[in-house]
Amino acid sequence: SSAPPPPTPVYILRGHNSQIHSLTFSPRNTHLLSGDSDGYIIIWSLSSRRPTGVWKAHDGGILKVAVWEDPAVKGRGKGFLDGGVRIVTHAREHKLCVWRLPSLAEGETGLDVRMPLEVSGFGGAGGKGTIELRRPWLVACLLVNTLNFCGFGSFSGHDRETKEDSWGPQLLLALPSAADSESIDIMTIPSSRRLYRSIKPPLSSLPPLAASSANPERKTGMAMCLSLHHFRTHSHPAPEHLLLIAGYESGELVVYTTLLSRETLDAGVQLAGDNWTVVYTARPHSQPVLSLASTIENGVLKVYTTSADSLLSRNEIPLSGLAVKQPERLNGKEVVSDTRHLGQQSVMLRSDGKLLTAAGWDGRVRVYAAKGKMRELAVLKWHEKGCYAAAFASVDEAIEDQEGVDMVADAKEMILRGSGVKVESRELARERRETRRHWVAAGDKDGKVSLWEVY
């Protein structure tokens, strides 16, 4: 029998004028957000494949874009464009911004839908003749350090397992310290307050290097990628642990932990970085860590990393040792797969924990098994130039009908009870179908975004 044909993209989204740096899917997979090196953000509708919002968020290239469902917002649980979410953008111009989308349900004017390719044709991006686009409401703007091009790590305080907001309506952000690129600060939104400053591993916590190492002073170098997690042990009373995972310029991976309570957050004080304890270190790469993905599964922290080398690494770290008041070093297991492909970044883990994807400098997007030996499952080949961003749509319980909406179908229309709004059944059915597809998105150097459906 002949081999199956290679996979092809379902659709190509064209609209950016420069390379794609960040991609993320909205909650319930109704939209895809893309950010480029000119500072533009595009919100794409996955059902129509057209933009529903475009604006120039920054004068510098986007490092990361993310969606935050603020529990304090009354509109939470409504549609993506009904005022229930915040968009967080982080750019190379040393700014991190939080935006509120206009609420169409409340009659606010929507965003522009003219794309960068259309509005910058007269004078180039930011040049003479460029059209000014309507922007969302700016909720907060932080001055941050982006010298090392490290995107933020975040945790909203919302525990997906317990459905509780452990620390109230707070978004916690991990960022390279404004004072020292080798240190990390923790900021809070919406207060724009620095909660922890100058988190850095003491030299005594790092394993010794070989005598021939090119790093005789034993420095980790700059933080290159960051992640935050919440973990609650089964002991009584159960302490609330905040976990910080950092990948460094030296190729090292460091996991920190601290106890954090709602009282500490509400106190409004700034805490020193020495409140954190290093509980795990590893050196999965000989070159800087380019990307990091992490999850907690059955009490085990799993951290996946990539670098300019060809290695894909997974560190599995049981967190049961955090049950004691003074946690000691945790013992973990490292699994390394030599993919034989140099320069993979934007490693992403699918929400069901089964698949990984990574964008390659060779223009290929590769899909790997997240468990076992992390074998290669598929190569998504369409882009002619390097890819720098990739994203998975959620495939778990997060894809469900919006809360509080009772949908009744007949042959011609669907009525959203309580609002009196009528929607053509064909359009709504298409949107519901598109949100359930197992999407992978990839962005390349030419500004194109490809949509694929896998497994």
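Refer to the structure above for everything that follows.
Residues numbered from 1 in each chain as written. Predicted model: local features only at pLDDT ≥ 70, side-chain atom pairs only at ≥ 80, totals over all residues. Heavy atoms only, no water.

(A) Structural detail: the overall build of the protein. Along its length, the protein carries 3 helices and 34 strands. The burial tally for the protein puts 54% of its 455 residues in the buried class. Within the protein, contacts between residues at least 6 apart in sequence are counted, and of these 57% link residues at least 24 apart. Accessible area of the protein: about 20400 Å², with a carbon and sulfur share of 50%. (Helix = DSSP H or I, 4+ residues; strand = E, 2+ residues; numbered from the N terminus. Buried < 20%, exposed > 50% of the residue type's maximum accessible area, 1.4 Å probe, protein only. Contact = heavy atoms within 4.5 Å. Areas by Shrake-Rupley, 256 points an atom, 1.4 Å probe, with all protein chains shown as cover.)

(B) Looking closely at the nonpolar core. In terms of nonpolar packing, the biggest core is built from 23 residues, with Ile-184, Leu-244 and Tyr-256 touching the most fellow members. When residues of this core are traced back to their parent elements, those giving at least two are β13 (171-176), β14 (184-189), β15 (193-199), β16 (223-232), β17 (240-248) and β18 (253-259). Top contributing element to this core by residue count: β17, with 4 residues. Those residues in contact with Ile-184 that lie beyond four places of it in its chain are Ala-174, Leu-175, Pro-176, Ser-177, Arg-197, Ser-198, Ile-199, Ala-223, Leu-226, Leu-244, Ala-246 and Tyr-248. In terms of nonpolar packing, the next biggest core, distinct from the first, is built from 20 residues, Leu-32, Ala-389, Ala-393 and Trp-439 among them. (Core = buried A, V, L, I, M, F, W, Y, C linked by side-chain atoms within 4.5 Å.)

(C) Representation of the environment of Val-395 in the model. Checked against the element boundaries, Val-395 lands in the loop between β29 (387-392) and β30 (407-409). On a C-alpha basis, the gap between Val-395 and Ser-351 in space is 6.2 Å, while along the polypeptide they are 44 residues apart. Apart from the residues lying within four places of it in its own chain, the contact partners of Val-395 are Arg-350, Ser-351, Asp-352 and His-438.

(D) Main features of unusual backbone geometry. Following Ile-189, the chain continues into Pro-190 via a peptide bond in cis, with omega recorded as 15°. The backbone of Arg-49 sits at a positive phi, close to 60°, despite the residue not being glycine. Relative to the helices and strands, Arg-49 resides in the loop between β4 (40-45) and β5 (51-56). In this model, Ser-192 sits at a positive phi of 55°, which is unusual for a non-glycine residue. Its place among the elements puts Ser-192 in the loop between β14 and β15. When its relative accessible area of 34% is taken as the criterion, Ser-192 is described as partly exposed.

(E) Structural view of empty space enclosed by the protein. Counting across every chain of the model gives 2 cavities of 30 Å³ or more. If you add up the space inside the largest cavity, you get close to 50 Å³. Forming the walls of the largest cavity are Leu-143, Val-144, Asn-145, Leu-175, Pro-176, Ala-178, Asp-185, Met-187 and Arg-194. Of all the secondary structure elements, the ones that give two or more residues to the lining of the largest cavity are β13 and β14. Within the lining of the largest cavity, the residues separate by chemical class into 6 nonpolar, 1 polar and 2 charged. (1 Å grid on protein atoms, 1.4 Å probe; cavity = no way out; pocket = protein on both sides within 12 Å on 5 of 7 lines; lining within 4 Å. Points joined across faces, edges and corners; volume = space filled by probe spheres on them. Nonpolar A, V, L, I, M, F, W, Y, C, P; charged D, E, K, R; others polar.)

(F) The environment of Thr-264, seen in detail. Within the fold, Thr-264 resides in helix α2 (residues 262-267). For Thr-264, the residues in contact, after removing those within four places along its chain, are Arg-193 and Leu-271.

(G) How the structure looks around the environment of Ala-140. Mapping Ala-140 onto the fold places it in strand β9 (residues 137-143). We classify Ala-140 as buried; its relative accessible area is 6%. C-alpha separation for the pair Ala-140 and Pro-190, spaced 50 residues apart in sequence, amounts to 6.9 Å. In this structure Ala-140 touches Leu-96, Cys-97, Val-98, Ile-189 and Ser-192, once residues within four positions along its chain are discounted.

(H) Structural view of the sheet that holds strand β21 (residues 289-297). An order of β21-β22-β23-β24 is seen for the 4 strands of this open sheet, with the pairing classed as antiparallel. The two strands at the open ends of the sheet, each matched to only one other strand, are β21 and β24 (333-338). On average, each strand axis in the sheet is inclined to that of its neighbour by 15°, with strand direction left out of account. Note: β21 against strand β22 (residues 300-307), 8 bridges, orientation antiparallel. Along β22, the bridge assignment pairs Thr-295 with Lys-302. (Pairing = 2+ DSSP bridges. Axes fitted to C-alpha atoms, helices over the stretch in contact; angles between N-to-C directions.)

(I) Representation of the sheet that holds β29 within the structure. In spatial order, the strands read β1-β34-β33-β29; together these 4 strands make up an open sheet with antiparallel pairing. The sheet is open, and its two edges are formed by β1 (11-14) and β29, each paired on a single side. If you compare each strand with its neighbour and ignore which way they point, the axes differ by 20° on average. Both β29 and strand β33 (residues 439-444) contribute to a ladder of 5 bridges, which runs antiparallel. Bridge pairing links Cys-387 to Asp-444 in β33.

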